[in-house]
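Listed here are the chains, written in short residue letters.
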Amino acid sequence: YSSTLLVGYWSYFLYKGKMRDMVSLRYLALRRVGDIEGPMLSAYSSFTFQAIEKHFLGEGEKFVMAVFQPPYDQGVYGLVNNLGSIVVRTAFQPFEQAIFTAFSMSNKKE
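Notes on the structure follow. Bear in mind that the values here come from a model prediction, so they are computed numbers and not experimental data.

**Points about the overall build of the protein chain**
Consideration 1: Broken down by element type, the protein chain carries four helices and zero strands.
Consideration 2: Of the regular secondary structure in the protein chain, the N- to C-terminal order runs α-α-α-α.
Consideration 3: Looking at the protein chain as a whole, 3% of its 110 residues are labelled buried.
Consideration 4: Carbon and sulfur atoms make up 67% of the accessible area of the protein chain, which totals about 10300 Å².

Here it is in structure tokens:
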């Protein structure tokens, strides 16, 4: 997937003759914090906080296991946890995709 995107973007920029824009960092640099609109900054900060919280909630069990359990118990827990999550992810993936699409569409309408 990533190689297809890479080739696609490179071919687009080669076709349009904008190779200078492709390697320019001008579009990535934020000149002033005031350039970010208020609602967008609020959304960024909310998503950042949620990502940090999700990391601690999702990986916290591994930190606790590493500190308090022997390696054998960690291995058994990891095996059971990963095999159990495959079933759940497979079952709920269509719902997750549908909800993601619905939220994306509702955000565009506003």
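**What to know about the pattern of salt bridges**
Consideration 1: Within the structure shown, the criterion is met by one salt bridge.
Consideration 2: Salt-bridge contacts for Glu59 lead to Lys62; the nearest nitrogen and oxygen are separated by 3.3 Å. Here Lys62 and Glu59 lie together in helix α3 (residues 38–68), a separation of three residues that amounts to about one turn.

**Focus on a nonpolar patch on the surface**
Consideration 1: Together, Val87, Val88, Phe92, Phe95, Ile99 and Phe103 make up an exposed nonpolar region whose accessible area comes to about 660 Å².
Consideration 2: Relative to the elements of secondary structure, Ile99 occurs in helix α4 (residues 71–109).

**Comments concerning the packing of aromatic side chains**
Consideration 1: Applying the stated rule across the entire model yields one aromatic pair.
Consideration 2: Ring geometry for Phe92 and Phe95: centres 6.2 Å apart, planes at 50°, overall tilted. Taken together, the positions of Phe92 and Phe95, both in helix α4 and three residues apart, correspond to about one turn of that helix. Like Phe92, the residue Phe95 is exposed in the burial classification.

Rules and cut-offs
Residues numbered from 1 in each chain as written. Predicted model: local features only at pLDDT ≥ 70, side-chain atom pairs only at ≥ 80, totals over all residues. Heavy atoms only, no water. Helix = DSSP H or I, 4+ residues; strand = E, 2+ residues; numbered from the N terminus. Buried < 20%, exposed > 50% of the residue type's maximum accessible area, 1.4 Å probe, protein only. Areas by Shrake-Rupley, 256 points an atom, 1.4 Å probe, with all protein chains shown as cover. Salt bridge = Lys/Arg side-chain N within 4 Å of Asp/Glu carboxyl O. Patch = residues over 30% accessible without salt bridge, like charges linked within 9 Å, V, L, I, M, F, W, Y side chains within 5 Å. Phe/Tyr/Trp six-rings, centres within 6.5 Å; stacked < 30°, edge-to-face > 60°.

These results come straight from atomic positions and should not be treated as a statement about function.
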